[in-house]
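Each chain, letter by letter, is given below.
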2 protein chains.
Amino acid sequence: MERRFEGELQDLKSRILEMGGYVEQAVEIATQALEERNAAKLASVHPLERKINHAHVVIDNACVEILARQSPFAADLRLIIAIIKINTDLERMGDQAVNISYNAEHYLADRKIDMAQDLTQMGQAVRVMVRKSLDAFMRQDIVLAQQVLESDDEVDAFKNKMFQGLLPFMKQEPQSIESALDLILIARNLERMGDHATNIAEDVIFACTGEDVRHGGQGRE
Amino acid sequence: MERRFEGELQDLKSRILEMGGYVEQAVEIATQALEERNAAKLASVHPLERKINHAHVVIDNACVEILARQSPFAADLRLIIAIIKINTDLERMGDQAVNISYNAEHYLADRKIDMAQDLTQMGQAVRVMVRKSLDAFMRQDIVLAQQVLESDDEVDAFKNKMFQGLLPFMKQEPQSIESALDLILIARNLERMGDHATNIAEDVIFACTGEDVRHGGQGRE
């Protein structure tokens, strides 16, 4: 029984890793497609999101089933609760990748505006956050999880830089306002993906230590 | 023991309701403050968010503790998992309310642009979604939860209407681009709050029926 439980936990962790791989791919494809102004490539985020949604439901059901059957406690219970939360964050990252594809229509067609470099750098920073948060989860590595929390500022700085570049451009080129607005919303989508990776890192720390690092740790009664 | 468990579940549900009340207040205050262009009122969202964050940590800890001690199964287990998820959604709604306060700087100072009516209507629609999703949770009412899922389109329609009104305005009044952008981001914040209320309604349906209505219910293996 004990060994079977261990196997089930390993299986759940592998599924989370696989799902996280789809999320990484979705970020990579979306930012590459924006760089290349390639609408067909951007649309290929959709089948990836369907894989993410499928994994989401499978993992959720498996967690409920394991909780019901094994009644885990202490570290095992915390791990499964962390998986339920990480699963939700990865699913919402898939939503954000799809939102990027919906928000890009005008930008793809407007050659007056070029933010390829910023988008690629910001996308890269988000992918590194996703990868590190999942590595931290797999290895139960608190130090790495802490690094993810720190790198959220970097992603926010990319977003602010894009906003600051786009505002004067919008004033000078009112006919490009729609495409600039696309980029502002896309930068927000990427920023939100970074926030989800931060949530994952917080859940890893909770699973490893039982400590709640959110909101400065307040809230115990 | 059984009676104590029932009492603990009731206590958890009351805490979620109280937390949801803070979220409703935060939406109301934020939209009223925008209507009145009242920066001080808008800032009062922050102490509310701290209450939401406090509730978030307390509820999360209580759920872990009950799962460890009571090893619930079937409907009770699904209810606690739903509470863990609803708790996360309410906490993120608090974040969105605070984001509204951060995104309003230019709009508050720019009398050229007036979207008070649209903002108030959209805020009202979001508040109704939050209220109904929590009523559905308290009463375990699937029909009401289903209504919440349907009303998400209404909130999205408000956002689209605001976007469509703001684009030509930005072209005509380039000096008001920052304040128009504030409104676009605020409309997105409100839209995301509606999305979180939708997530809560889905969790209520799952808790009541064990059925997963997300992603068209695919994903079982």
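Residues numbered from 1 in each chain as written. Chains lettered and ligands numbered in written order. Predicted model: local features only at pLDDT ≥ 70, side-chain atom pairs only at ≥ 80, totals over all residues.

Asker: I'd like to hear about the overall build of chain A, residue by residue, with values.
Answerer: For chain A, the helix and strand inventory stands at eight helices and zero strands. Along chain A, helices (α) and strands (β) appear in the sequence α-α-α-α-α-α-α-α when read from the amino end. A compact globule built from 221 residues would reach a C-alpha radius of gyration of about 17 Å, and chain A, at 19 Å, matches this within 12%. Referenced to the eigenvectors of the C-alpha coordinate spread, the extents of chain A come out at roughly 65 × 35 × 25 Å. Out of the 221 residues belonging to chain A, those deemed buried represent 45%. (Helix = DSSP H or I, 4+ residues; strand = E, 2+ residues; numbered from the N terminus. Rg over C-alpha atoms; globule rule 2.2 N^0.38 Å. Buried ≥ 20, exposed ≤ 12 C-beta atoms within 10 Å, placed from the backbone.)

Asker: Describe the interface of chain B and chain A, and please don't skip the residues or the numbers.
Answerer: Each side of the interface is counted separately: chain B has 32 residues, and chain A has 32 residues. For the side of chain B that touches chain A, the secondary-structure elements that each account for two or more residues are α3 (45-70), α4 (74-102), α7 (142-172) and α8 (177-209) of chain B. The biggest single contributor to the side of chain B that touches chain A is α3(B), with nine residues. Looking at side-chain class alone, the side of chain B that touches chain A contains 15 nonpolar, nine polar and eight charged residues. (Contact = placed C-beta atoms within 7 Å. Nonpolar A, V, L, I, M, F, W, Y, C, P; charged D, E, K, R; others polar.)

Asker: Describe the nonpolar core, with residues and values.
Answerer: Of all hydrophobic cores here, the largest spans 134 residues; its most connected members are Ala30(A) and Ala30(B). Counting residues per element, this core draws most heavily on α8(B), at 17 residues. In contact with Ala30(A), not counting residues within four places along its chain, are Leu42(A), Val45(A), Ala97(A), Ile100(A) and Ser101(A). (Core = buried A, V, L, I, M, F, W, Y, C linked by C-beta atoms within 7 Å.)

Asker: Account for α8(B), with residues named and values stated.
Answerer: Residues and elements named next belong to chain B. For α8, built from 33 residues, the straight-helix expectation of 48 Å at 1.5 Å per residue is met to within 8% by its first-to-last C-alpha distance of 48 Å. Across the 33 residues of α8, 28 count as buried, placing the element largely inside the fold. Following α8 by one or two positions, Gly210 adopts a phi angle in the positive range, close to 75°. (Expected span 1.5 Å × (residues − 1).)

Asker: Can you explain the packing of helix α7 (residues 142-172) of chain A against helix α8 (residues 177-209) of chain A? Please cite residues and give values.
Answerer: Residues and elements named next belong to chain A. Close contact between α7 and α8 brings their axes to 9 Å; oriented N to C, the two are set at 170°. Taken together, the axis directions place α7 and α8 in an arrangement best described as roughly antiparallel. Across the contact of α7 with α8, the residue classes tally to 21 nonpolar, three polar and five charged. (Axes fitted to C-alpha atoms, helices over the stretch in contact; angles between N-to-C directions. Parallel < 35°, antiparallel > 145°, perpendicular 65-115°, else oblique.)

Asker: Outline the relation of the copies chain B and chain A, listing residues and values.
Answerer: Of the transformation placing chain B onto chain A, the axial shift is 0.0 Å and the rotation is 180°, giving an RMSD of 0.0 Å. Taken together, the turn and the small shift mark the pair as related by a two-fold rotation axis. Considering only C-alpha atoms, the residue of chain B closest to the rotation axis is Ser71(B), which sits at 2.6 Å. Here 100% of the interface residues in chain B have copies in chain A that are interface residues too; the copies meet face to matching face. (Least-squares fit on C-alpha atoms with pLDDT ≥ 70 in both.)

Asker: Could you give me a rundown of the packing of helix α6 (residues 116-139) of chain A against α8(A), with the residues and numbers involved?
Answerer: Residues and elements named next belong to chain A. Where α6 contacts α8, the two axes come as close as 9 Å, and the packing angle between them is 15°. Judged by the angle between their axes, α6 and α8 are roughly parallel. α6 and α8 meet at a crossing whose hand is left-handed. Mapping the contact onto sequence places Met122, Gly123, Val126, Met129, Val130, Ser133, Ala136 and Phe137 in α6 and Ala187, Leu190, Met193, Gly194, Ala197, Ile200, Ala201 and Val204 in α8. In terms of residue class, the contact of α6 with α8 is built from 13 nonpolar, three polar and no charged. (Left-handed = near helix turned anticlockwise from the far one by under 90°.)

Asker: So what's going on with the confidence of the model for chain A? Which residues, and what values?
Answerer: For chain A, the average pLDDT comes to 94, and 97% of its residues sit at 70 or higher. On the interface metric, ipTM, the complex scores 0.92, and its pTM is 0.94. (pLDDT = per-residue confidence, 0-100.)

Asker: Explain the environment of Leu79(B) residue by residue, including any values.
Answerer: All names here are of chain B. You can see Leu79 is positioned in helix α4. Leu79 sits in the buried class, given 22 other C-beta atoms within 10 Å. C-alpha of Leu79 to C-alpha of Val45: the two residues are 34 residues apart in sequence and 30 Å apart in space. In this structure, Leu79 is in contact with Leu9 and Ala207, ignoring residues within four places of it in sequence.

Asker: So what about helix α3 (residues 45-70) of chain A? Which residues, and what values?
Answerer: For α3(A), which comprises 26 residues, the first-to-last C-alpha distance of 37 Å matches the rise-based estimate of 38 Å (1.5 Å per residue) to within 8%. Of the positions making up α3(A), those classed as buried are Val45(A), Leu48(A), Glu49(A), Ile52(A), Asn53(A), Ala55(A), His56(A), Val57(A), Ile59(A), Asp60(A), Val64(A) and Leu67(A). Here the buried face of α3(A) lies against α1 (2-36), α2 (39-43) and α4 (74-102) of chain A together with α3 and α4 of chain B. One or two positions beyond α3(A), positive phi appears at Ser71(A), with a value near 40°.

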